[in-house]
Amino acid sequence: MNCSLPHRVLLSSPMEGQQDRLCLQSLWDFVTAKEPLIKSPFFPVLFSFTAYMAFCLPYIVLDFLSIRLPDLRKYKIQPQSYPSLRMMVPCIVQSLYHHVVLIFPVTFLHWYWRPMNLPVTAPELPEVLLQVAVCLLLFDFEYFLWHLLHHKVPWLYKTFHKVHHKHVSTFALTTQYSSVWELLSLGFFAAINPLLLGCHPLTEMIFFLVNIGLSVEDHSGYDLPWSTHRLVPFGLYGGAPHHDLHHLKFKSNYAPYFTHWDKLFGTFTESRSN
């Protein structure tokens, strides 16, 4: 699937296609101006770790502020439990170690065998929104199956997934506190979906950012007024309360984002927030 303008002109009027493309062309021009960095073998690991820490930072600040400010404390899902600096530092160290020792070699091999091609034109906005949504739905399904399997098979749980459940009360930095197998599995799911859909590189970057941001929110331990599950209607999205309950109870709410798979498989437990 080609997201570039010439393909889309065949499906829409020239003026409509041009307007759609121009919505993101300035952003894409800014990205391609950094082409040597984007094509560097170091970019994927820098992009991933920087985005992860950037999404975690507001919640880290919130963790320290809400201890002292009752107005913020009411948004904590488990207000009796707060992460300490001693709990946070190992999570950061492990994430950095995994990015340098594990993720970098994998992305380097990918860079060597499949160099990135940067098109001149940006994708059209409707196609970006559609493909990001499809990538999220695919990732949600893939992780649901992986997660369910690793809870139902005791050996898989003890060997690969138990480390992620070290913290019963989650905080943002526990998002990537996991085994090597879990990290590589989820990384593979996130990487393969845009490839299968033939996404434009900008669409791929946007999906990665959305996926990281939602995952961090899931583990944040906060139910804020603007949380994603409050913006998506009809209880279709579980969010932080949904995933926090999974860490607390272990035997329900296996899907990372949406609720339909847990409801279909009978593994859904409603959170107090909902």
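Residues numbered from 1 in each chain as written. Predicted model: local features only at pLDDT ≥ 70, side-chain atom pairs only at ≥ 80, totals over all residues. Heavy atoms only, no water.

**Section: the overall build of the protein chain**
Then, in step 1: Assigned secondary structure in the protein chain consists of 13 helices and zero strands.
Then, in step 2: The order of α-helices and β-strands along the protein chain, N terminus first, is α-α-α-α-α-α-α-α-α-α-α-α-α.
Then, in step 3: Taking 2.2 N^0.38 as the reference for a compact globule, 274 residues should give roughly 19 Å; the C-alpha atoms of the protein chain span a radius of gyration of 20 Å, in line with that estimate.
Then, in step 4: Overall, the protein chain is about 55 × 40 × 40 Å in size when its C-alpha atoms are taken along their principal axes.
Then, in step 5: The buried share of the protein chain, reckoned over its 274 residues, is 48%.
Then, in step 6: Long-range pairs, those at least 24 residues apart, make up 73% of the contacts in the protein chain with a sequence separation of at least 6.
Then, in step 7: For the protein chain, the accessible area works out to roughly 14,300 Å², and carbon and sulfur atoms hold 71% of it.
Then, in step 8: Charged side chains of the protein chain number 19 positive and 18 negative; the gap between the two group centres comes to 12 Å. (Helix = DSSP H or I, 4+ residues; strand = E, 2+ residues; numbered from the N terminus. Rg over C-alpha atoms; globule rule 2.2 N^0.38 Å. Buried < 20%, exposed > 50% of the residue type's maximum accessible area, 1.4 Å probe, protein only. Contact = heavy atoms within 4.5 Å. Areas by Shrake-Rupley, 256 points an atom, 1.4 Å probe, with all protein chains shown as cover. Lys, Arg positive; Asp, Glu negative; His and termini not counted. Charge placed at Lys NZ, Arg CZ, Asp CG, Glu CD.)

**Brief notes about unusual backbone geometry**
Then, in step 1: A positive phi angle, close to 75°, is found at phenylalanine 250, a residue other than glycine.
Then, in step 2: With phi around 55°, asparagine 253 is a residue other than glycine that occupies positive phi space.
Then, in step 3: Relative to the assigned elements, asparagine 253 resides in the loop between α12 (239-249) and α13 (260-265).

**Comments concerning the packing of helix α6 (residues 85-113) against helix α9 (residues 180-197)**
Then, in step 1: Packing of α6 against α9 leaves a shortest axis separation of 12 Å and a crossing angle of 45°. When the interaxial angle is binned, α6 and α9 end up oblique. Handedness of the α6/α9 crossing: right-handed. Where α6 abuts α9, its residues His98, Leu102, Ile103 and Val106 lie against Val180, Leu183 and Leu184.
Then, in step 2: Counted by class, the contact of α6 with α9 contains six nonpolar, one polar and no charged residues. (Axes fitted to C-alpha atoms, helices over the stretch in contact; angles between N-to-C directions. Parallel < 35°, antiparallel > 145°, perpendicular 65-115°, else oblique. Left-handed = near helix turned anticlockwise from the far one by under 90°. Nonpolar A, V, L, I, M, F, W, Y, C, P; charged D, E, K, R; others polar.)

**Focus on the nonpolar core**
Then, in step 1: Among the nonpolar cores identified, the biggest contains 26 residues, and Trp28, Ile38, Leu136, Phe139, Met205, Phe207 and Tyr257 are the most heavily contacted of them.
Then, in step 2: Contributions of two or more residues to this core are made by α2 (14-32), α4 (43-66), α7 (125-152), α9 and α10 (201-219).
Then, in step 3: Looking at which element gives the most residues to this core, the answer is α7, with seven residues.
Then, in step 4: Among all residues touching tyrosine 257, those that are not within four sequence positions of it are Leu136, Phe139, Asp140, Asn211, Leu214, Ser215, Asp218, Tyr237, Gly238 and Gly239.
Then, in step 5: Counting 17 residues, the second largest nonpolar core, distinct from the first, contains Tyr82, Met88, Leu173 and Tyr222. (Core = buried A, V, L, I, M, F, W, Y, C linked by side-chain atoms within 4.5 Å.)

**Observations regarding the pattern of salt bridges**
Then, in step 1: Overall, the coordinates contain two salt bridges when judged by the stated rule.
Then, in step 2: A salt bridge links lysine 39 to glutamate 35; the shortest N-O distance between them is 2.8 Å.
Then, in step 3: Taking relative accessible area as the criterion, lysine 39 reaches 32% and is therefore assigned partly exposed.
Then, in step 4: Judged by its relative accessible area of 31%, glutamate 35 falls in the partly exposed class.
Then, in step 5: Across the pair arginine 230 and aspartate 223 runs a salt bridge whose closest N-O atoms are separated by 2.9 Å.
Then, in step 6: Residue classification places arginine 230 among the partly exposed positions, given a relative accessible area of 45%. (Salt bridge = Lys/Arg side-chain N within 4 Å of Asp/Glu carboxyl O.)

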